[in-house]
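# Residue-level structural notes
These are the residues of each chain, in order.
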Amino acid sequence: MPHLEVRNLSASYGDLKVLHGVDLSFEKGEVVALIGPSGSGKSTILRVLVGLTPCTGGEMILDGQAIQQGSAASVRAARDKMAIVFQQYNLFQNMDVMRNVTIAPIKIKGRSRAEAEADAQRILKRVGLAEKSHAYPDELSGGQQQRVAIARALALKPEVLLLDEVTSALDPELVNEVLDTIRDLAKDGMTMLIVSHEMAFVREVASKVVMMDKGKVVEVGTPAEIFDRPRSERAREFVGKILRH
Amino acid sequence: MEQILHQLPEFFSPTNVRILAQSMGVTIALTFFGCGLGFLFAFFIVFARQTPGHWALPLRAAAIFFVEIFRRIPFLVTGYLVLFFLSAIIRNPSLFVIALMAIFIYATAYTADIVRGGLESVPRTQIEAAQAMNFGRWRTLLHVIVPQSWPVILPPAMVFMVAFVKDTAVVSQLGVFELAFRGRELNNHGFSGVLVYSTIALLYFAMSYPLTRFGQWLEKRLATPRSQKSKRKLR
Amino acid sequence: MNYTFQFNVIFAHLPEFLQGAMMTLGLALAGFWGGAPFALLFAFARTSGPKWAKRLAGGYVIFITNTPVLIHIWFLFYGLGDLGILLGKYTAVIVALMAATSAYGCEIMRAGFLSVRRSEIEAAETLGFSRVQTVWYVIVPHIVKTVYPALANYFIVLTLSTSLAMIVGGEELLGTAFNVASENYRHLEAVILAAGIYVIITFIVSLSLALVGRWAFRVRAKIF
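Bear in mind the structure is a predicted one, so any value in this text is a computation, not a measurement. (Residues numbered from 1 in each chain as written. Chains lettered and ligands numbered in written order. Predicted model: local features only at pLDDT ≥ 70, side-chain atom pairs only at ≥ 80, totals over all residues.)

## Some points on the overall build of chain C
Counting its secondary structure elements, chain C contains nine helices and zero strands. In sequence order, the secondary structure elements of chain C are arranged as α-α-α-α-α-α-α-α-α. Computed over the C-alpha atoms, the radius of gyration of chain C is 22 Å, more than 25% above the 17 Å expected from 2.2 N^0.38 for a compact globule of 224 residues. Principal axes of the C-alpha set define a box for chain C whose edges measure 75 × 45 × 30 Å. In chain C, buried positions account for 39% of the 224 residues. Within chain C, contacts between residues at least 6 apart in sequence are counted, and of these 74% link residues at least 24 apart. (Helix = DSSP H or I, 4+ residues; strand = E, 2+ residues; numbered from the N terminus. Rg over C-alpha atoms; globule rule 2.2 N^0.38 Å. Buried ≥ 20, exposed ≤ 12 C-beta atoms within 10 Å, placed from the backbone. Contact = placed C-beta atoms within 7 Å.)

Encoded structure:
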């Protein structure tokens, strides 16, 4: 049984339909990359999964449990197993790095402060920011903020980590520090669903690539299949455009 | 003019000075406690107004109604409403409490909009980050929204409170022994109106102006981002 | 609570209340339009006048905005009599409201003047606008846009302040309520009715000011 399974998912922002029956599934330990032109609905899938955007139809099953958006308990249970990192980091501006990383473990998951802080220190070290634990978000560079955001997500000990275009808002010279962190997580067997425009990176870390267009899945396959031997016309077009860059 | 100069020593007698000082204390206490309580309650009004769901419709309506109504009634009328209403239901209510309640109601209605603006100024993305981490509504408010809205809320709330130091003069009509009441009393005792009301005006000014400057200083300070503040410390 | 409301005896006096409401609006209009020219004058003085004028206008505004209108009214009504200047109650109230308008209005206008950016004026000049055209098509619309909502809001506040006239015996809305109540001792009901009328008139005023503003903005939109 797949760890996460999405069947026939649809969603809309007001009148605008952004997902038309998306199917998606993956196992534990997989790194799945969602690619496709902007506006194809990649980010919407992540937002629907964590209950930030309502879905209008379809099913989501995480670890054998259906995520029912109508039920607060079900959404809570799903959020308990997933963590999301946003394009704009969305760190809490009123808290220092340590507090950003520990607040949810302490207040939501009920861990002790000592335990949560030791854990946070370990995670911050891993993302290379051990010495920044008392800095505030507005004192950090974009790349550092994004790594804190990843640390904050990891501190929740998620089963699935959702990364929503985490390098898109960064200056080019800061992209690599964040990609290195994610590469490191992939090596450790973290299950991840990544929305990214960094094709070389996707090719390197993803075990599965899902190509989307206009709210639909166009093609699914290994990186080699998608990038070297795209089957559909739309995929060929998109890949061709990217590789020319 | 001669008459005024003649009255000066008697007007500034120790007794009068003491009475005026005491009444200034009453004015400050009324402003501080009335506005302070009103400010706190304004948060609850706004929370009520922002409660989602069909069941909360009456709650939202009541919150909007309260604010809209009391912002459209003169403060003096609010004072009389409280006075006559309390007199109708209990015997001999304390005038200080009546004045305090009137200020409380008025301050709640006026600061509620300030609070609402502040809470709504926090970016939606901050709230989404909290939601995705399973913060409930109250935790999101307490840990994320309220702390971040302080710099937006505090300066105008301060301006309101400072402005209210002088607006409290109106409660003299309810018979509270605050500064304006004592002024009217001294005038009735035969002291020159020019002398009395100039003095009273200056005393209000002495309370209000320093607070105005403090409010302006606070606004500037809060407008400085934290990163610049810490840099300043390093130098 | 064993109080029984008797609104019927108060409602019988509704025509008097409405007359009081007209007086309330009259006082507000007199205070507003009487004070407005001074507000404009002081705002010019504070932004582009000579140093002494800046100081004088600034000091005046700071003094008025940091002292109670009620004390101004008492000073004018009871105090000036000592100097042989006798003002009627309405005159005293209107002068006090004019003073308030001139000070608060000055601050509103000043904020409007300061909101005009040099770059916009320069842009107009490069487009070949004459001096008068620049003022009329660029500066005035910009100032109106920032100043109008603040002035509209101030007018509501001013309308509510007219109730202070009751303290010196004015027969505006609140004064009327007390007159009526002194005959039948239904003070609570009288004040509730007055409060309701205050809500209604300020609501009507807000609404009409918003409509006038929108209409005025549309006219401006046509110019461009």
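## Thoughts on the sheet that holds strand β5 (residues 65-66) of chain A
All names here are of chain A. What the four strands build is an open sheet, ordered β2-β1-β4-β5; its pairing is antiparallel. Sheet topology places β2 (16-26) and β5 at the edges, where each strand pairs with a single neighbour. When strand β1 (residues 4-13) meets β2, the two strands line up antiparallel, connected through seven bridges. Counted as the bridge partner of leucine 9 is valine 22 from β2. Helix α1 (residues 42-49) contacts β1, β2 and β4 (55-62) of the sheet and is inclined by roughly 75° relative to β2. (Pairing = 2+ DSSP bridges. Axes fitted to C-alpha atoms, helices over the stretch in contact; angles between N-to-C directions.)

## Structural notes on the packing of helix α7 (residues 137-167) of chain B against helix α9 (residues 193-223) of chain B
All names here are of chain B. Between α7 and α9, whose axes approach to 9 Å, the crossing angle comes to 175°. Classified by the interaxial angle, the pair formed by α7 and α9 is roughly antiparallel. Side by side, α7 and α9 meet where Pro151, Leu154, Pro155, Met158, Val159, Val162, Val165 and Lys166 of the first sit next to Tyr204, Met207, Ser208, Leu211, Thr212, Gly215, Leu218, Glu219, Leu222 and Ala223 of the second. (Parallel < 35°, antiparallel > 145°, perpendicular 65-115°, else oblique.)

## Regarding the interface of chain A and chain B
In this complex, chain A contributes 20 residues to the contact, which on the side of chain B involves 18 residues. Broken down by secondary-structure element, the contributors of at least two residues to the side of chain A that touches chain B are α2 (72-81) and α3 (97-108) of chain A. Per-element accounting of the side of chain A that touches chain B gives the leading share, four residues, to α3 of chain A. In the side of chain A that touches chain B, the residues fall into ten nonpolar, four polar and six charged. (Nonpolar A, V, L, I, M, F, W, Y, C, P; charged D, E, K, R; others polar.)

## Overview of the interface of chain C and chain B
Taken together, the contact between chain C and chain B spans 32 residues of the former and 31 residues of the latter. Ranked by residues supplied to the side of chain C that touches chain B, first place goes to helix α9 (residues 187-223) of chain C with ten residues.

## Some points on the pairing of strand β10 (residues 216-221) of chain A
Residues and elements named next belong to chain A. The sheet contact formed by strand β9 (residues 208-213) and β10 spans five bridges and is antiparallel. Residue pairing in the sheet places aspartate 213 in a bridge with lysine 216 of β10. Hairpin connection of β9 to β10: two residues between the antiparallel strands, including lysine 214 at a positive phi of 50°.

## Things to note about the arrangement of the chains
Looking at the two pairs of chains with contacts, the pair that accumulates the most is chains B and C. Where chain A comes nearest to chain C, the C-alpha atoms are still 28 Å apart, and the two do not contact one another.

## With respect to the confidence of the model for chain C
Predicted coordinates in areas of low pLDDT are best not read in detail. Residue and element names in this part refer to chain C. Here chain C averages 90 in pLDDT, and 96% of its residues register 70 or above. Here residues 219-224 scores under 50 on pLDDT; set against residues more than four positions off or in separate chains, the count is two contacts. Interface confidence for the predicted complex, given as ipTM, is 0.90, next to a pTM of 0.85. (pLDDT = per-residue confidence, 0-100.)

## Quick look at the pairing of β1 of chain A
All names here are of chain A. Where β1 folds back onto β2 in an antiparallel hairpin, the turn is made up of two residues, including glycine 14, whose phi is positive at roughly 60°. With six bridges connecting them, β1 and β4 associate as antiparallel partners. Looking at the pairing, serine 10 lines up with glycine 57 of β4.

## Describing the sheet that holds β9 of chain A
All names here are of chain A. Spatially, β6-β7-β8-β3-β9-β10 is the arrangement adopted by the six strands of the open sheet, whose pairing is mixed. Edge positions in the sheet fall to β6 (82-85) and β10, since each of these pairs with one other strand and no more. Adjacent strand axes in the sheet meet at a mean angle of 20° when their direction is disregarded.

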